[in-house]
Amino acid sequence: MAVLEAHHVVAGYGDSVVLDGVSVSVEETELVAVIGPNGAGKSTLLKSIVGLVPPRSGSVTYHGTELTRLTTERIVRMGLSYVPQVENVFPSLTVRENLELMLPAQTPRPERQRHLEDTLRLFPVLTSRLPMSASVLSGGERQMLALARGLMNRPGLLLLDEPTAAVAPIVVDEILRKVEEIRGSGVPVLLVEQNARRALAMSDRGYILESGRNALSGPARELLDDPEVGRLYLGLRTPGSDRAPRSS
Amino acid sequence: MQAAADGVVVGAMVGLAALGLTLVWAVERFPNIAQGDTLTLAAYLTFGLSVGAQLPIVPAAVLAVGGTTLAVQAAYQTAFRPLRTSPRVTLLVASIGVALVIRAIVSLVWGTRLQSYDLPVRRAISLGLFHVSLVDIVILVTVLGLVGAVYWILYRSRAGIEMRAVADVPDLARVTGIDTRRVLRFTWLLSGFVTAVAGVLLGAKIGLTPLLGWNLLLAAFAATVLGSVGHPLGAIAGGFVLGLAMELSTVFISPTFKEAIAFVILAAVLLFRPRGLLAGR
Amino acid sequence: MAPYLASLLLFGGIYAMLALGLNLQWGHTGLVNLGFVAFFALGAYSAALLTLNGVPLLVAAVIAVVIAGLVAYPLGRLTLRLQDDYLAIVTFGFAEVVRILLLNTRWVGGADGLTGIPQLFGPLAADVRPFIQLGAVLMVVALVLVLARRLTESPYGRVLRAIRDSAEAARSLGKETEGYKVVALVLGSALAGLAGAIYAHYIGYVSPDQFDPSLTFLIFTGIVIGGSSHWGAAVGTLVFIAAMEATRFLGDVGLPISQSDFAQLRLLVIGLLLIVLMQRKREGLWPYRHRERVRVTRDAAA
């Protein structure tokens, strides 16, 4: 059974429809990339999977359990971790508080400690930062903290929204390497990226969205080699319309 | 000197009122206009239970604090919670409504003339340059204890850390698995409790009129903004600054312009340091 | 009977002006001015002081309008670059300060206020004066309505509503939103000043207790009931104030409730209405419709 199966998801804000019947799936241990021009609905797809933008129709299942009627809090506690593109750490909390909040309140102390140590093994830079306020971290460190938060509760699926969008170019490699490491540790990942070529190169499969619909999908290798894909989506970045999430 | 001592005591109460204000402001993101009238309600409940129902003052005060905390929770559930997806400014307007409702009820039940608790005769204790009453000492001890407790809750307990998280980035709090509803309930509970205690003390120090808390509201706003919204220690420090400035102004300027002093401080903070003195970011 | 009716209508005109001013701030821009009554008071006092010192009424009224607007300007500049909440608390504080200053300043009469303010059209005979006064006030109201309408139909008015309705739109305008909001605050407050000037010269005296803070909430509730269209706001306010005033006579028909209890009950009603309206009918009975939009929907229906 697939880890995640989203089927014909329709969602949007107010009167506007952003997702118009999108389907994606993620299998165990897979890294799946979702790419497409700005405004194609990539971010909204992740938001509707975790219930921040509840789907109007269609279905989303996680290990066979229907998610569309559940609250975000419930979905997250089932083991889906979602790392937003911006505002993905609590700046006025310490790094330790940021991490420990990901565990349910009743988690016993030794277990909490174990989760923390496991996470820090993957993100050693954060060890010395634990007592600091997250607001003093550098851009790259902040993004590492966001990823670390996503892994803290040992999720069954990690949803990443453009993890390289808000960081300096020199940090991009480091972050993408971390994403591969995470996948290597056995956690399936659904990755939304604007850096399409890089994302496909490291993924097992890929989906290309266009105007809220599936345009193409297949093994990442094939998509990369497809000349049509190269011309339309991987070449010069399409000057897509920067659609505001809430149009008046 | 006496004015400074009074200033400290008044400041402690302004600080406590500001503490109740700052908690809700940080998490719900609006200044609760009903804060002043909540103070009034707590004072009148104490009055009603001690003078009306003839209870000793301490149990009356405890019951009044409990009653007021419940009333605030009820106001949250009926007036504010239904607006959780509305623009913040509608919560502000609804809080004016809550303020007027509380004031009208207090006036209808207890009348509008000046009242006071039936406290045992106060013996002022002389401390050289100034004297303090038992009430003053109770106020200072309670305020310091309560601030310590609130600080501990916010920075050491899970519930408090969740509160700070919701205040910080509400959407991220949701995808962190935090039960926002529970956090809001708890925030109003804590704020209501702190405000109720402040109201009981205020009634003991100043005496009761239906405008008791309303008249303190401007100072509480100024203290909150001065100490940075969301900072418990800032609210208390702001309270002391306001209390001292207002009481000293009665000596050096004129008692009638106390509130004008609060307004000047508020305007100066907004002009020069709109995020308050403690805002680090 | 006729002079009494004329006086009722004239008060109605003054309240309508206040409603239009506050509606520009809350109804069209979403600004919460908790000190609206202070601008009304400033207009009344400054016009009264001027005419008492021999300045012609028309000049005095213009200066009063300018003063009320000018005072609003720094308050707006101070707060509107921050979140909207700050305007509410600063105007609240401002109104308290104005009240205290009026009560404690000797040369504006302190608690007694100012008396002997020249009447509008004072030289006219007492039997025609009320009707001429009424006619003049209604003309001013009509003029204000027309100007308000033109303002809100202009591109500027459209921007105001965009700011009110959508944080997104407001953000795309960036720093400019502050300027738009300040103008709405100033114009609305100036209108309150005009209403104050007329009021002072109609009843002939001003004192601090005429400008009770609860008047702000009364008008606020009226325009929230009426909705943000100019007529809606004015009519909503008039009907609501009339209903509230009517309760004064309930004591006369034998209900065993004292006048001061009635005052509290009115406050209770205002409070409950504000809470309920925010939840159920925030746009009021007659929300503002842009003319173009009305035309479009008619076309669509045809």
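Residues numbered from 1 in each chain as written. Chains lettered and ligands numbered in written order. Predicted model: local features only at pLDDT ≥ 70, side-chain atom pairs only at ≥ 80, totals over all residues. Heavy atoms only, no water.

## A few points about the sheet that holds strand S8 (residues 189-192) of chain A
Residue and element names in this part refer to chain A.
- Taken in spatial order, the six strands make up an open sheet running S6-S7-S8-S3-S9-S10, and their pairing is mixed. Strands with a single pairing partner mark the edges of an open sheet, and in this sheet they are strand S6 (80-83) and strand S10 (213-219). Sheet twist, expressed as the mean angle between neighbouring strand axes with direction ignored, is 15°.
- Sheet topology note: the strand S9 (residues 205-210)/S10 ladder contains six bridges and is antiparallel. (Pairing = 2+ DSSP bridges. Helix = DSSP H or I, 4+ residues; strand = E, 2+ residues; numbered from the N terminus. Axes fitted to C-alpha atoms, helices over the stretch in contact; angles between N-to-C directions.)

## A few points about the confidence of the model for chain C
Residue and element names in this part refer to chain C.
- Chain-level statistics for chain C give a pLDDT mean of 84 and a share of 89% at 70 or above.
- Considering each helix and strand of chain C separately, the mean pLDDT is smallest for helix H12 (residues 291-301), with a value of 43, and largest for helix H2 (residues 36-52), with 95.
- Under a pLDDT of 50 for its full length, residues 293-302 has, in the predicted model, one contact with residues more than four places off or in other chains.
- Across the interface, the model reports ipTM at 0.89; the global pTM reads 0.88. (pLDDT = per-residue confidence, 0-100. Contact = heavy atoms within 4.5 Å.)

## Notes on the packing of helix H4 (residues 88-110) of chain B against helix H11 (residues 259-280) of chain C
- Direction vectors running N to C along H4 of chain B and H11 of chain C enclose 155°, while the axes themselves pass 7 Å from each other. Judged on the interaxial angle alone, H11 of chain C and H4 of chain B are roughly antiparallel. Along this stretch, H4 of chain B crosses H11 of chain C, giving a crossing that reads as left-handed.
- Partitioned by chemical class, the residues of the contact of H4 of chain B with H11 of chain C number 17 nonpolar, five polar and two charged. (Parallel < 35°, antiparallel > 145°, perpendicular 65-115°, else oblique. Left-handed = near helix turned anticlockwise from the far one by under 90°. Nonpolar A, V, L, I, M, F, W, Y, C, P; charged D, E, K, R; others polar.)

## A look at the interface of chain C and chain B
- Taken residue by residue, the interface counts 38 residues in chain C and 44 residues in chain B.
- Of the roughly 3,500 Å² buried between chain C and chain B, counting both surfaces, carbon and sulfur atoms make up 80%.
- On inspection of chain C and its partner chain B, the count reaches zero salt bridges.
- Summed over the shared surface of chain C and chain B, the number is five residue pairs in polar contact (both at pLDDT 80 or more).
- Among the secondary structure elements, those contributing two or more residues to the side of chain C that touches chain B are helix H3 (57-79), helix H4 (85-104), helix H9 (214-226) and H11 of chain C.
- Of the residues assigned to the side of chain C that touches chain B, the class counts are 25 nonpolar, seven polar and six charged. (Buried area = accessible area lost by both parts, 1.4 Å probe. Salt bridge = Lys/Arg side-chain N within 4 Å of Asp/Glu carboxyl O. Polar contact = N/O pair within 3.5 Å; in protein donor to acceptor, adjacent residues only side chain to side chain.)

## Observations concerning the sheet that holds strand S2 (residues 16-26) of chain A
All names here are of chain A.
- Sheet architecture is open: four strands sit in the order S2-S1-S4-S5, paired in antiparallel fashion. Each of the sheet's edge strands pairs with one partner strand only, and the pair in question is S2 and strand S5 (65-66).
- Judged from the eight bridges that link them, strand S1 (residues 4-13) and S2 form a sheet pairing that is antiparallel. If you follow alanine 6 over to S2, its bridge partner there is valine 24.
- Taken strand by strand, helix H1 (residues 42-49) contacts S1, S2 and strand S4 (57-62), and its axis lies near 70° from that of S2.

## Some words on empty space enclosed by the protein
All names here are of chain C.
- Applying the stated rule across the entire model yields three cavities of 30 Å³ or more.
- Empty space within the largest cavity amounts to approximately 90 Å³.
- Considering the residues around the largest cavity, the lining is formed by Val37, Ala38, Ala41, Ala95, Glu96, Val98, Arg99, Leu102, Pro208, Phe211 and Pro213.
- Mapped onto the lining of the largest cavity, the elements with two or more residues apiece are H2 and H4.
- When residues of the lining of the largest cavity are assigned to their parent elements, the largest contribution, five residues, is made by H4.
- Here the residues of the lining of the largest cavity sort into nine nonpolar, no polar and two charged.
- Put simply, the second largest cavity is a space of about 40 Å³. (1 Å grid on protein atoms, 1.4 Å probe; cavity = no way out; pocket = protein on both sides within 12 Å on 5 of 7 lines; lining within 4 Å. Points joined across faces, edges and corners; volume = space filled by probe spheres on them.)

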